[in-house]
Amino acid sequence: MNDAILFTVDEGLARLTLNRPARLNAFNADLAHAWRDATAEATSRSDVKAILIDAHGPAFCAGGDVIDMATTMGSADDITALAEVINTGIRSLTESAVPVVAAAHGTTAGGGLGILLSSDYAVVGSRSRLGSLYANIGLTPDLSVSAQLARAVGQRRALQLVLQDRLLSAAEAVEWGLVAEAVEGADSADEAALVRARAAEVARFWLAGAAEAYGNAKRLVRSQPERTFAEQLSEEARSIGAAMATPDAQARIAAFAASSARKR
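Residues numbered from 1 in each chain as written. Predicted model: local features only at pLDDT ≥ 70, side-chain atom pairs only at ≥ 80, totals over all residues. Heavy atoms only, no water.

1. Details of the side chain of Asp65
- Along the chain, Asp65 turns up in the loop between β3 (50–55) and α2 (66–72).
- Within the structure, Asp65 has its side chain in polar contact with the backbone nitrogen of Ile67 (distance 3.3 Å).
- When sequence neighbours within four positions are dropped, the list of residues in contact with Asp65 reads Arg20, Arg23, Ala26, Phe27 and Asn28. (Helix = DSSP H or I, 4+ residues; strand = E, 2+ residues; numbered from the N terminus. Polar contact = N/O pair within 3.5 Å; in protein donor to acceptor, adjacent residues only side chain to side chain. Contact = heavy atoms within 4.5 Å.)

Okay, here's the thing in structure tokens:
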């Protein structure tokens, strides 16, 4: 891992902080490889029960570093290879049984949308703006945007976003279902801090509760498109049986039963 991402684990929470603020946290090779390595570590550690993704600087993520692409990448194969490195990290998050929250203050654009969509719960600021903008430089969606955007907001709205030079407001992003909530601060810096604080609060809620159950609920929903309806029902049945056997579930069920008995 390198300084392009800051990685910490504290009391079950892994925090991944995009750290190229001067380039609006746009992805170059360093950030791509750090992202792949950090997400692999966060999703494979037994002591990690929740993941928070945030960013330094005025924006969450501006997608790919176009200037870097133009100066250091000489072929289509270079771009494809870089995207595949980032995709590995996206798959680590979306295929894991660990819930992920994103603190996406400022602007999120291009491939940054794919990073945001890799979270299971996204918090933005009231000043945030979110959009595609790929076609402005003659490119097509990558980093899971074409795969995840329509699932999140519906095909027609996804098409509206990728076929227009448009940035959604925070209110529109909430109304579309692209993000969970928006918080408002006194200024941009205050708002960014409040976005991070609210995302941390969401993560702490998971950690204070049945963290493994939340994680496996996320896994069931995320993996559903891979299965038929009948297969999904079978996986739900298998999963709830496995959950029932865990010490956490046994303790919670016993406490619920005891509480119910006292109320009779």
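The discussion continues.
2. A word on the pattern of salt bridges
- Within the structure shown, the criterion is met by 18 salt bridges.
- When the shortest N-O distance is used, the salt bridge between Asp120 and Lys218 registers 2.8 Å. Of this pair, Asp120 sits in the loop between α4 (111–117) and β6 (121–125) while Lys218 sits in helix α9 (residues 211–223), placing them 98 residues apart in sequence.
- The class of Asp120 is partly exposed, set by a relative accessible area of 29%.
- Exposure remark for Lys218: the relative accessible area of 8% places this residue in the buried category.
- Glu191 is the partner of Arg127 in a salt bridge, and the nearest nitrogen-oxygen pair spans 2.7 Å. (Salt bridge = Lys/Arg side-chain N within 4 Å of Asp/Glu carboxyl O. Buried < 20%, exposed > 50% of the residue type's maximum accessible area, 1.4 Å probe, protein only.)

3. Focus on helix α1 (residues 29–44)
- Taking 1.5 Å per residue as the helical rise, α1 with its 16 residues ought to reach 22 Å, and the 23 Å between its terminal C-alpha atoms agrees with that figure.
- Among the residues of α1, those classed as buried are Leu31, Ala32, Ala34, Trp35, Ala38, Thr39 and Ala42. Along the axis of α1, the buried positions cluster into a sector of 165°, meaning they face one direction only.
- Contacts from the buried residues of α1 go to β1 (5–10), β2 (13–18), β3, α3 (76–94) and α4.
- With a side-chain oxygen positioned 3.3 Å from the backbone nitrogen of Asp30, the residue opening α1 is Asn28. (Expected span 1.5 Å × (residues − 1). Arc of directions from axis to C-beta.)

4. Some details on unusual backbone geometry
- Of note in the backbone geometry, Asn25 takes a positive phi value of approximately 60° without being a glycine.
- Within the secondary structure, Asn25 sits in the loop between β2 and α1.
- Asn25 sits in the buried class, given a relative accessible area of 0%.
- Positive phi, normally seen in glycine, also occurs at Leu143, with a value near 55°.

5. What to know about the side chain of Thr39
- Among the secondary structure elements, Thr39 is positioned in helix α1.
- Separated by 2.8 Å, the side chain of Thr39 and the backbone oxygen of Trp35 make a polar contact.
- Those residues in contact with Thr39 that sit more than four places away from it in its chain are Leu16, Gly89, Ser92 and Leu93.

That is the geometry; function is a separate question.
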